[in-house]
Amino acid sequence: MTFRKKECVAMILAGGQGSRLMVLTENTAKPAVPFGGKYRLIDFPLSNCVNSGIDTVGIMTQYQPLQLNEYIGNGQPWGLNSTNGGIHVLSPYSKSQNSEWYKGTANAIYQNLSFMERYNPTNVLILSGDHIYKMNYAKMLSAHVRNNADCTIAVLEVPLEEASRFGIMNTDKSGRITEFQEKPKEPKSTKASMGIYVFKWEVLKKYLIEDNEDPESSNDFGKNIIPKMIAEGRRLFAYDFVGYWKDVGTIESLWQSNMDILGDKPLLDMRDPDTKIYARNYAHPCSYISPKSEIVNSYVAEGSQIYGKVYDSVISTGCIIEEGAEIHDSFIMPNAVVGKRSEVRYAIIGEDSTAEPNTRIGDDPEFYEKKAWGIAVVGKDKVVEQNSVIKPKEVF
Amino acid sequence: MKAMGIVFSNIYDSSLGELTNIRTVASLPFGGRYRLIDFVLSNMSNSGIYNIGIITKYNYRSLMDHLGNLSDWDLNRKNEGLVFLPPFVSGNTGVYKGKLEALYSAIRFIDNPAYDYVVVCDTTVLSNIDFREAIKKHIETGCDVTILANREKADPRKKHPLILKADKSNEVTEILINAPAKEESYVGMGVFIFNRKALTEILEESNSKGLVHLERDYLQKKFNENAIELSVFPVDGIVLRNEDVRSYYANNMALLDEEIHNGLFNNDRPIYTKVRDEAPTYYGEGSAVSNSLVADGCRFYGKVDSSIVFRGVTVAKDASVRSCIVMQGTRIGRNAKLECVILDKNVTVSDGTVLMGTPVHPVIIGKGETV
């Protein structure tokens, strides 16, 4: 079989467990975590690829891949079910000599060199499967080509006090990266790496093979590949991204990013027709909004039934909010049920879970000491029994 | 027992007035996110009928646009799938006037030895049924044609296209065409099950005799001559007939009744439609939505009550929408007051506009118009 040459192949790292999302990723990979009423995290890099004209995508899965693989299917919802290119789920596989799991980000890409080789791409775009942002990768690619760069790294301006949580790029006037600091105590700049890389294919291949032969390496782009390339005088450039970007690594950030789509001028606009995010759709009928309901500043997705009150929240497909229930500042994941007279405040309720009548889940921050308060979480497939209370910060 | 399907996309266009000026009745929007044809296609797909011919006459561009590559109905198949059957004009055939003529023009599609049975359907009567059960009964009774029908109450003012009387074993004892139901009786749902081989013979014969209408020229005539045996397959579930603007409006509103809604939509046999990748609907400050069916992609800042709202509709501040059908992409301006209005796709209602219809005579605003 022959493969046509591709200008750019995208590789999405989707193997992460997302252990800080706790109960929400107990039985599913982080990129399959629901978002925004009808989406999953993986929809963002996939839709960005499609909206940027990239039609060949490899997705590297490892941790609990069942739900994610099912969700991706043949790639039809994203228009990636093509004969020439399209979507490829790349799971670790056994080889004649040895078999191994993906050990680090660079190792995952290394183990799939033969996949990329088939398309003989000019450049390879490396993405994470668990970031929420809308980005036109085509612009980044053309900057990469213009700079004749070996590698281009997308960077985001972050507040100085937060810079020590990120990988920080120090650049010269032309945007060329002179130094890379991983989570520095005293950051020299505020350009944080977004974990989005474009590599020249030949350069990437060389460094991955060398990295694999180095027993000292932890096979990570940020820790090993990028510092080595800088040290050897390769042309690395920063690409400034302006816009909304969130790594939903924690319960707080997952909750916050859902709140960020609300409002008339939201931080993240899900309605912009030019940067549509595609998702696998299930055949749900319209949502039913009953006469006793009240909904303010909220998103409600198809297939849900609202009999109660919903304020400043995101209600996903197939949810039922029963009569007398109240939802404030919360994210309710698909097919969850909130029973009669139950109150949900500052909480995330997991997929297919039920809060029986008269439960209280979470609470407003103003009644608590800062350290004692947090988002309350109900996991996937859970039942919160009648009259029970899930306190703020509690994980059920 | 393999069956194929035939769908008539426009047979009753004329009775739906302005709504079908620019589209087939099959592509008429319904229930907030569907087109009428979605129900028949979903029933077929859910019943394992994957080889389907759609008979079209004119104005079928919107239908082709809606169906796209058919993957949303699970009908984009390698060996089977859906075929458009536009009028095949040659020699003495022309654009057909009745179902028999239409079927004859599709005879080469129908005469496929891989299939034993043919399910022939209209798109105007909505229900959620498993055709496999009906085909099973058709085989058991050994009759020539099985007609799907439901019980309708007596109403001397309302004429039905096909009224049937049947005995206890569901064998048809009388056929009436374009008649009112004087007592509670079976009313045909526009779904007929034929043996494939027999159907091709019927079509050859009716073509040579110049017959036009399936119900009058074949079913009723042959039945009265005692030449064929007919069976009724009784349907107990929800059945909604869209015969004219009035019933179309009433049927949309009927979906606000939980029992009717749940009778038409269930998780075991979903109704599929075109995926449009809209964001969920946003309920802004000042919105008050009640007793309504709402699709994705809308933005509400005003009042919506007892209405069916399709995808991508905007309702501005202080607007009031009551008992309306608002189709895809329509924008309703500030302080507009609408009651019993059917707003077709992409209508713009200017600020302060007042439109009042009644449930019997709803106001209709045509596609793309500005009022």
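This text goes with the structure placed above it.
Summary of the structure given here.

**Remarks on the nonpolar core**
Step number 1: By size, the foremost hydrophobic cluster in this structure holds 73 residues, and its most contacted members are A:Met135 and A:Met270.
Step number 2: Among the nonpolar cores identified, the runner-up in size contains 44 residues, and A:Ile361, A:Val384, B:Val304 and B:Ala319 belong to it.

**Regarding the packing of helix H6 (residues 201-213) of chain A against helix H7 (residues 221-231) of chain A**
All names here are of chain A.
Step number 1: At a closest axis distance of 11 Å, the pairing of H6 and H7 adopts a crossing angle of 120 degrees. The two elements H6 and H7 meet at a crossing, and its hand is right-handed. Contacts between H6 and H7 pair Val-203, Leu-204, Tyr-207, Leu-208, Glu-210 and Asp-211 from the former with Phe-221, Asn-224, Ile-225, Lys-228 and Met-229 from the latter.

**Notes on the pattern of salt bridges**
Step number 1: All chains considered together, the criterion is met by 44 salt bridges over all chains.
Step number 2: Residue A:Lys38 pairs with B:Asp296 through a salt bridge whose shortest N-O separation is 3.6 Å. A residue pair is termed interchain when its members come from two chains, as with A:Lys38 in the loop between strand E2 (34-35) and strand E3 (39-40) and B:Asp296 in the loop between strand E16 (292-294) and strand E17 (299-300).
Step number 3: Classification of A:Lys38 as buried rests on a relative accessible area of 11%.

**As for the sheet that holds strand E28 (residues 376-378) of chain A**
Step number 1: Across the sheet, which stays open at both edges, the ten strands sit in the order E28(A)-E25(A)-E22(A)-E19(A)-E16(A)-E14(B)-E17(B)-E20(B)-E23(B)-E26(B) with mixed pairing between neighbours. If you trace the sheet from one side to the other, it starts and ends with E28 of chain A together with strand E26 (348-349) of chain B, each paired once.
Step number 2: When strand E25 (residues 347-349) of chain A meets E28(A), the two strands line up parallel, connected through three bridges. Paired with A:Ile349 across the bridge in E28(A) is A:Val378.
Step number 3: Strands strand E19 (314-315), strand E22 (331-332), E25 and E28 of chain A of the sheet are contacted by helix H8 (residues 251-259) of chain A, whose axis makes an angle of about 90 degrees with E25(A).

**Things to note about the environment of B:Val40**
Residues and elements named next belong to chain B.
Step number 1: Tracing the backbone through its elements, the reader meets Val-40 in helix H1 (residues 36-46).
Step number 2: Along the primary structure Val-40 and Asp-268 are separated by 228 residues, whereas in three dimensions their C-alpha atoms are 16 Å apart.
Step number 3: Filtering out sequence-adjacent residues up to four positions away, Val-40 remains in contact with Val-7, Cys-121, Asp-122, Thr-123 and Phe-131.

**Structural notes on the sheet that holds strand E30 (residues 389-390) of chain A**
Residues and elements named next belong to chain A.
Step number 1: Pairing within the open sheet is parallel, and its six strands lie in the order E15-E18-E21-E24-E27-E30. At either end of the open sheet lies a strand with only one pairing partner, and these are strand E15 (294-296) and E30.
Step number 2: As judged from the two bridges shared by strand E27 (residues 360-361) and E30, these two strands associate in the parallel manner. For Ile-361, the partnering residue across the bridge sits in E30 and is Ile-390.

**A word on the interface of chain B and chain A**
Step number 1: At the junction of the two partners, chain B supplies 36 residues and chain A supplies 33 residues.
Step number 2: One can count two salt bridges joining chain B with chain A.
Step number 3: Of all the secondary structure elements, the ones that give two or more residues to the side of chain B that touches chain A are helix H9 (258-264), strand E14 (281-283), strand E15 (288-290) and E16 of chain B.
Step number 4: Looking at the side of chain B that touches chain A residue by residue, the class counts come to 16 nonpolar, ten polar and ten charged.
Step number 5: Here strand E14 (residues 287-289) of chain A runs beside E16(B); their pairing, made up of three bridges, is antiparallel. Bridge pairing in E16(B) places A:Ile289 opposite B:Ser292.

**Let's talk about the pairing of strand E9 (residues 155-166) of chain B**
All names here are of chain B.
Step number 1: Of the strand pairs in this sheet, E9 and strand E10 (residues 172-181) are connected by eight bridges, and their pairing is antiparallel. Following the sheet pairing, Leu-162 is matched in E10 by Ile-177.
Step number 2: Hairpin connection of E9 to E10: five residues between the antiparallel strands, including Asn-170 at a positive phi of 70 degrees.
Step number 3: Relative to strand E11 (residues 185-195), E9 runs antiparallel, the two sharing two bridges. What sits directly across from Ile-163, in E11, is Val-187.

**Here's the deal with helix H1 (residues 43-51) of chain A**
All names here are of chain A.
Step number 1: Within H1, seven of the nine residues are buried, leaving the element largely enclosed by the surrounding structure.
Step number 2: Those residues of H1 lying buried are Asp-43, Phe-44, Pro-45, Leu-46, Ser-47, Asn-48 and Cys-49.
Step number 3: Count one or two residues on from H1 and you reach Gly-53, which has phi positive near 80 degrees.

**Side note on the side chain of A:Ser253**
Step number 1: For A:Ser253, the position within the fold is in helix H8.
Step number 2: For A:Ser253, the residues in contact, after removing those within four places along its chain, are A:Lys246, A:Asp247 and A:Val248.

**Points about the pairing of E11(B)**
Residue and element names in this part refer to chain B.
Step number 1: Within E11, ten of the eleven residues are buried, which leaves the element mostly enclosed by the surrounding structure.
Step number 2: As defined by bridge partners, strand E6 (residues 117-121) adjoins E11 across five bridges and the pair is classed as antiparallel. Residue pairing in the sheet places Tyr-117 in a bridge with Asn-195 of E11.
Step number 3: Relative to E11, strand E8 (residues 145-152) runs antiparallel, the two sharing eight bridges. For Arg-151, the partnering residue across the bridge sits in E11 and is Tyr-186.

**Structural notes on a negative patch on the surface**
Residue and element names in this part refer to chain B.
Step number 1: On the surface, Asp-144, Asp-167, Glu-171 and Glu-229 cluster together to form a negatively charged patch.
Step number 2: Topologically, Glu-229 is positioned in the loop between helix H7 (214-224) and strand E12 (230-234).
Step number 3: Since its relative accessible area comes to 44%, Glu-229 is described here as partly exposed.

**Digging into the environment of A:Ser257**
Residue and element names in this part refer to chain A.
Step number 1: Its place among the elements puts Ser-257 in helix H8.
Step number 2: A residue is classified by how much of its surface remains accessible, and Ser-257, at 0% relative accessible area, is buried.
Step number 3: Between the C-alpha atom of Ser-257 and that of Met-169, which follows or precedes it by 88 residues, the distance is 25 Å.
Step number 4: Discounting residues that sit within four places of it in the chain, Ser-257 has contacts with Phe-35, Ile-132, Tyr-244, Lys-246 and Val-248.
Step number 5: Of note is the side chain of Ser-257, whose polar atom sits 3.0 Å from the backbone oxygen of Leu-254.

**With respect to the packing of aromatic side chains**
Step number 1: Under the criterion given, the structure shown has 22 aromatic pairs over all chains.
Step number 2: When the centroid spacing of 5.5 Å and the interplanar angle of 70 degrees are considered together, the rings of A:Tyr71 and A:Trp78 count as edge-to-face.
Step number 3: A:Tyr71 sits in the buried class, given a relative accessible area of 4%.
Step number 4: Note on B:Phe30 and B:Phe39: the rings are 6.0 Å apart at their centroids and 85 degrees apart in plane angle, and the pair reads as edge-to-face. Side by side, B:Phe30 and B:Phe39 carry an identical accessibility label, which is buried.
Step number 5: Among the aromatic residues, those joined into a cluster by ring pairs are B:Phe30, B:Tyr34, B:Phe39, B:Tyr248 and B:Phe265.
Step number 6: When the ring centre of B:Tyr50 is taken as origin, the NZ or CZ atom of B:Arg77, which lies over that ring, is 3.6 Å away.
Step number 7: Above the plane of the ring of B:Tyr186 lies B:Arg151, whose end atom (NZ or CZ) is 4.6 Å from the centre.

Reading guide: rules and limits
- Residues numbered from 1 in each chain as written.
- Chains lettered and ligands numbered in written order.
- Predicted model: local features only at pLDDT ≥ 70, side-chain atom pairs only at ≥ 80, totals over all residues.
- Heavy atoms only, no water.
- Core = buried A, V, L, I, M, F, W, Y, C linked by side-chain atoms within 4.5 Å.
- Buried < 20%, exposed > 50% of the residue type's maximum accessible area, 1.4 Å probe, protein only.
- Axes fitted to C-alpha atoms, helices over the stretch in contact; angles between N-to-C directions.
- Helix = DSSP H or I, 4+ residues; strand = E, 2+ residues; numbered from the N terminus.
- Left-handed = near helix turned anticlockwise from the far one by under 90°.
- Contact = heavy atoms within 4.5 Å.
- Salt bridge = Lys/Arg side-chain N within 4 Å of Asp/Glu carboxyl O.
- Pairing = 2+ DSSP bridges.
- Nonpolar A, V, L, I, M, F, W, Y, C, P; charged D, E, K, R; others polar.
- Patch = residues over 30% accessible without salt bridge, like charges linked within 9 Å, V, L, I, M, F, W, Y side chains within 5 Å.
- Areas by Shrake-Rupley, 256 points an atom, 1.4 Å probe, with all protein chains shown as cover.
- Lys, Arg positive; Asp, Glu negative; His and termini not counted.
- Charge placed at Lys NZ, Arg CZ, Asp CG, Glu CD.
- Polar contact = N/O pair within 3.5 Å; in protein donor to acceptor, adjacent residues only side chain to side chain.
- Phe/Tyr/Trp six-rings, centres within 6.5 Å; stacked < 30°, edge-to-face > 60°.
- Lys NZ or Arg CZ within 6 Å of the ring centre and 35° of its normal.

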